[in-house]
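Spelled out, the chains give:
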Amino acid sequence: MAPQYNGVMNFSSPAAAERESDPSDPNVLLSFDRVTLGYGDFVVLADLSLQIKAGEVVALMGGSGSGKTTLMRAATGQLSPQAGVVSVFGQSIVGLGGAGLQSLRQRMGVLFQHGALFTDLNVFENVAFPLREHTTLSEAELTHKVLETLDAVGLKAAAHLKLSAISGGMARRVALARAVVREPELVFYDEPFAGLDPISMGVTARLIRRLSDRLGCASVLITHDVAESFAIADTVYLVGQGELKAHGSPATLGESNDPYVRQFLDGAPDGPVAFDYPVTPDFERWAAYKGVGP
Amino acid sequence: MNALAAVGRFTLEKLVVLGQLARFFGMLVTRLGIVVKRPRLVIQQVHFIGNYSLLIILVSGLFVGFVLGLQGYYTLNRYGSEEALGLLVALSLVRELGPVVTALLFAGRAGTSLTAEIGLMKAGEQLSAMEVMAVDPIRRVLVPRFLGGIIAMPILAAVFSMMGILGGWFVGVILIGIDTGAFWSQMQNGVDVFNDVLNGVIKSVVFGVAVTLIALFEGWHCRPTPEGVSRATTRTVVAGSLVVLGLDFVLTAIMFSH
Amino acid sequence: MSNQKVDVWVGLFVMLGIVALLFLALRAGNLSSFSLADTYAVQARFDNIGGLKVRAPVKSAGVVVGRVADIRFDDQTYKAVVTVNLERNFEFPADTSASILTSGLLGEQFIGLDAGGEDRMLVAGDDITLTQSAIILEQLISQFLYGSAEREGAVD
């Protein structure tokens, strides 16, 4: 039976296809139902639908400015969709405020693009922050948990270091540890590979997969790094030009003939995403002022 | 016609900022409970804001006292009233210079560092990170700093006044040779605890609220770029200083007119 | 910095603030001359109180024995009614006189009490009947000018 590209990836039976579109399925941790996202008049993504289940590693890919980070902000409730419903853990997050939103957020973890570590705290205290804020663990229990998490990312012996003493790759791993220290059910990684050297990239990718398998959580990778994410993702969603362009397993996407997908995966300079910035009346006016031809 | 439109637009912009400031103040006031649940946060901020300002306040207070003593002596000497120097120095400091100069120094030292800190936290997405971790950044970051500033200001102003009086005493009695008994007794006869000292303390609390509020507001709303932070710190000092001077006029008129 | 160290420094900071405030209140201000002793109130009427203010000292033989508590205007007799709180351990005869004096030439005005000779003492609510109003400088000068003008005329 050919896979249905109607917004949800489904390998197997029609029965499973029925189940996929039901957001009250307890396995579906995050669901976007015909969501339109934008800022004011500027629409970033239109009529988007996707679902993410527990235990999945999902890669959300697209070029710069394609709306990946916007998608994540909608999922964490930091941005309200202009249309459609965003559901997290089976609950609609749209318009939810206060205590309800807080309790949902406590079940999520987020790794920000540049780490967003708290610069006035050292490595240990950064990872301990969510525990100190939300749990009543004793100091001993807290220390044990933090060191255990740091150990999982290979930085247990760096717990005492100040942030100024660690490298960018290490900082990213500390941020990862902080994102997962409370064992969340849904973790977002915003550009986890950006700006890392090849070794750090490989380490980070393997860490993400390992943590996901160990915690049984759903991991959403927001990235444009094809090689690393394809190596660890179960499902890939490709967004661009304001819509969902393609989705499927890495293998399926690799075989796709869609020109946008091909340009993205092959890294071709020109294609559906044009190389040349389009000429606008503003530019023509400026060119005339400068005395040059458009 | 363009000039009129410009003035109108300018006034409108200022009104909008005033409204935002009032709303910001409301946000802080409704979350003051944090001081009961996490007093450590407030204590830490009192340390960063107060203790780290102590050196400049002590030295400035001392030198302002020196100058008051010197200039006061030169002026009083012409009317044969040098013995009133203690009274002159004390009243000038307790009523005006203590609260006002401390507030101006506070805006420059503590205000700018608060603005820059909040602005940089915003730029580094730290505040966003707290939000998604279900930690209210206003409660966790802003309110402790707000309370820290309000607690630190009156203490700093009192210390400034004390250092100034001692400085004036040093210049007047030790260096120039005015009678120490006259210096203190004239002062004690003329400085009223309720009218002068208490009013000075009230002034410093009001200034503390104003300057800290403006500093946090600018940091919270600044653009998360180096230029944005730089502009915001400038606005903190300028707006904070002007507001202090304006409030001083209003408070003085209310408190000290008989 | 560890939590204890921060607490210590903040504690010192607050202590310094309290010390400064106490300094200002006691050494610079007039709080030390506030007696917390019990007082009793006595009234005195003056034609002119000059620059007398509330909380001005009440002195006898140069020593502070009380404070001015209240100053009112009586629109029946058109006099100033001054209420004075005297320290309870100082008793004054009923015929004590109260004058408004100036400390120094241009200083603050205070009330000076001259003890009388009666056996009966003033109690709370009593009136001091013998009073001397403040000396108004302008009246003094005009008296002087008028007086010297008269003498000039007389010498002639």
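Up top you'll find the structure we're talking about.
Residues numbered from 1 in each chain as written. Chains lettered and ligands numbered in written order. Predicted model: local features only at pLDDT ≥ 70, side-chain atom pairs only at ≥ 80, totals over all residues.

Quick word on the overall build of chain A
The line we're drawing: Numbering of helices and strands runs from the N terminus, with a helix taken as a DSSP run of H or I at least four residues long and a strand as a DSSP run of E at least two residues long. Just to be clear, the radius of gyration here is over C-alpha atoms, and the globule rule we use is 2.2 Å times residues to the power 0.38. Residues with at least 20 neighbouring C-beta atoms inside 10 Å of their own are called buried, those with 12 or fewer are called exposed, and the rest are partly exposed, where every C-beta is derived from the backbone. Contacts are defined on C-beta atoms placed from the backbone: any two residues whose C-beta positions lie within 7 Å are in contact.
In terms of regular secondary structure, chain A is built from 11 helices and 10 strands. Computed over its C-alpha atoms, the radius of gyration of chain A comes to 21 Å, within 12% of the 19 Å expected for a compact globule of 294 residues. Taken along its principal axes, the extent of the C-alpha atoms in chain A is 70 × 55 × 40 Å. Looking at chain A as a whole, 38% of its 294 residues are labelled buried. Summarising the internal contacts of chain A: among those between residues at least 6 apart in sequence, 62% fall at separations of at least 24.

A word on the sheet that holds strand β6 (residues 108–111) of chain A
What links the strands of a sheet is backbone hydrogen bonding, and the strands pair in either a parallel or an antiparallel sense. Residue and element names in this part refer to chain A. This is how the line gets drawn: In this scheme, strands are said to pair when DSSP sees at least two bridges between them. To obtain each axis, a line is fitted to C-alpha atoms, and for helices this fit is confined to the stretch in contact; angles are then taken between N-to-C directions over 0 to 180 degrees.
Judged by pairing direction, the sheet is mixed, and its six strands sit side by side in the order β6-β7-β8-β3-β9-β10 without closing on themselves. Each having just a single partner strand, β6 and β10 (243–248) make up the two edges of the open sheet. Put simply, the sheet's adjacent strands are angled 15 degrees from each other on average, direction ignored. Pairing analysis gives four bridges linking strand β3 (residues 57–61) to strand β9 (residues 235–240), with the strands arranged parallel. Note on β9: the bridge partner recorded for Leu 60 is Tyr 237. Contacts from helix α2 (residues 68–75) reach β3, β7 (186–190), β8 (218–223) and β9 within the one sheet, and its direction differs from that of β7 by about 150 degrees.

Section: the nonpolar core
Using the following cut-off: Nonpolar core, as used here: buried Ala, Val, Leu, Ile, Met, Phe, Trp, Tyr and Cys residues forming one set through C-beta atoms within 7 Å.
With 148 residues, the main nonpolar core has Leu 60 and Leu 221 of chain A as its most contacted residues. Tallying contributions element by element places helix α6 (residues 137–176) of chain B first for this core, with 19 residues. Discounting chain neighbours no more than four positions away, the residues touching Leu 221 of chain A are Val 57, Val 58, Ala 59, Leu 60, Tyr 189, Pro 192, Ile 208, Ser 229 and Ala 233 of chain A. With 22 residues, the next largest nonpolar core counts Leu 52, Val 65, Val 68 and Ile 100 of chain C among its residues.

A look at the interface of chain B and chain C
Filter applied, for reference: Three categories are distinguished: nonpolar for Ala, Val, Leu, Ile, Met, Phe, Trp, Tyr, Cys and Pro, charged for Asp, Glu, Lys and Arg, and polar for the others, with Gly belonging to the last.
Chain B puts 25 residues into the contact, and the matching count from chain C is 21 residues. Put simply, the parts of the chain that give the side of chain B that touches chain C at least two residues each are α3 (39–77), α4 (85–123), α6, α7 (180–190) and α8 (193–221) of chain B. With eight residues, the top contributor of residues to the side of chain B that touches chain C is α3 of chain B. Residue composition of the side of chain B that touches chain C, by class: 15 nonpolar, seven polar and three charged.

Examining the interface of chain A and chain B
On the chain B side, the residues contacting the 15 residues of chain A number 10 residues. Within the residue set of the side of chain A that touches chain B, elements represented by two or more residues are α3 (98–105), β6 and α4 (123–134) of chain A.

Describing the sheet that holds strand β1 (residues 39–46) of chain C
Within the open sheet, the eight strands sit side by side as β7-β1-β4-β3-β2-β6-β5-β8 (chain C). Their pairing is mixed. The outermost strands of the open sheet, each flanked by one partner alone, are β7 (127–128) and β8 (130–132) of chain C.

A closer look at the packing of α4 of chain B against α7 of chain B
Axis angle and axis distance: for two packed helices, these are the angle between their axes and the distance between the axes, and together they describe the pair. Residues and elements named next belong to chain B. Selection criterion: Should an angle fall under 35 degrees it is called roughly parallel, over 145 degrees roughly antiparallel, and 65 to 115 degrees roughly perpendicular, with every other angle called oblique. For a crossing to be left-handed, the near helix must be turned anticlockwise from the far one by less than a right angle; the clockwise case is right-handed.
Look at α4 against α7: their axes get within 7 Å of each other, and the N-to-C directions meet at 50 degrees. With respect to each other, α4 and α7 are oriented oblique. Considering how the two elements wind past one another, α4 and α7 form a crossing that is right-handed. Here Leu 85, Gly 86, Leu 87, Ala 90 and Leu 91 of α4 come into contact with α7, specifically with Phe 183, Trp 184, Gln 186, Met 187 and Gly 190.

Quick word on the arrangement of the chains
Counting contacts across all two pairs of chains that touch, the top pair turns out to be chains B and C. When C-alpha atoms are compared, chain A and chain C, though not in contact, are closest at a spacing of 11 Å.

Points about unusual backbone geometry
All names here are of chain A. Positive phi, normally seen in glycine, also occurs at Phe 89, with a value near 55 degrees. Note on placement: Phe 89 falls in the loop between β4 (83–88) and β5 (91–92). Overall, the presence of 16 C-beta atoms within 10 Å leaves Phe 89 in the partly exposed class.

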